[in-house]
Amino acid sequence: MCADRANAYIRLMNEIAIPDYRRIAGNLGAFCLAARRGDAVDVTMLTFWKDMMAVRSFAGPSPHVAKYYDFDAEYLLSMPAEAEHAEIEAGEAAPEFGQLITRLEPKDR
């Protein structure tokens, strides 16, 4: 999306989408990632779930069908039909990572 519209969209994600994800039992975290590239911004939602049952609680019976909010079409340049899912196969986080996540607050936009 255009950089000048990204701040408004990210604000909506912080106010509407992230609380919506987080209210679902089994949601372990929801993050709005933004990669700024000149006049464009790529936005990706990254969510963590206990299991696919929890994902279905959010997305419905077909968790591979992407779920969008009413305001998404106004901001997004493309809206893929399918959501991507992956399992964590390996990894490790520093103890500070958990502390950072619990203190994470939306940037002042």
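Below is a short write-up of the structure. (Residues numbered from 1 in each chain as written. Predicted model: local features only at pLDDT ≥ 70, side-chain atom pairs only at ≥ 80, totals over all residues. Heavy atoms only, no water.)

1. What to know about the pattern of salt bridges
Across all of its chains, the model carries four salt bridges by this definition. With a shortest N-O distance of 3.8 Å, K67 and D20 are connected by a salt bridge. With K67 in the loop between α2 (52-59) and α3 (72-75) and D20 in helix α1 (residues 3-22), the pair connects residues that are 47 residues apart, well separated along the chain. On the accessibility criterion, K67 (34% relative accessible area) is partly exposed. Note that D42 and R37 form a salt bridge whose closest N and O atoms lie 2.5 Å from each other. (Salt bridge = Lys/Arg side-chain N within 4 Å of Asp/Glu carboxyl O. Helix = DSSP H or I, 4+ residues; strand = E, 2+ residues; numbered from the N terminus. Buried < 20%, exposed > 50% of the residue type's maximum accessible area, 1.4 Å probe, protein only.)

2. Some thoughts on the layout of surface pockets
By volume, the largest pocket amounts to about 1300 Å³. Considering the residues around the largest pocket, the lining is formed by 41 residues, among which M45, L46, T47, A83 and E84 are closest to the centre. Mapped by element, the contributors of at least two residues to the lining of the largest pocket are α1, β1 (27-37), β2 (40-49) and α2. For the lining of the largest pocket, the element with the most residues is β2, which contributes nine residues. Its residues assigned to classes, the lining of the largest pocket shows 28 nonpolar, five polar and eight charged. (1 Å grid on protein atoms, 1.4 Å probe; cavity = no way out; pocket = protein on both sides within 12 Å on 5 of 7 lines; lining within 4 Å. Points joined across faces, edges and corners; volume = space filled by probe spheres on them. Nonpolar A, V, L, I, M, F, W, Y, C, P; charged D, E, K, R; others polar.)

3. Observations concerning the nonpolar core
With 19 residues, the main nonpolar core has M1, Y9, Y21, W49 and F71 as its most contacted residues. The set of elements that each furnish at least two residues to this core consists of α1, β2 and α2. The biggest single contributor to this core is α1, with seven residues. Residue contacts for Y21: discarding those within four places in its chain leaves N27, A30, M45, T47, W49, F58 and Y69. (Core = buried A, V, L, I, M, F, W, Y, C linked by side-chain atoms within 4.5 Å. Contact = heavy atoms within 4.5 Å.)

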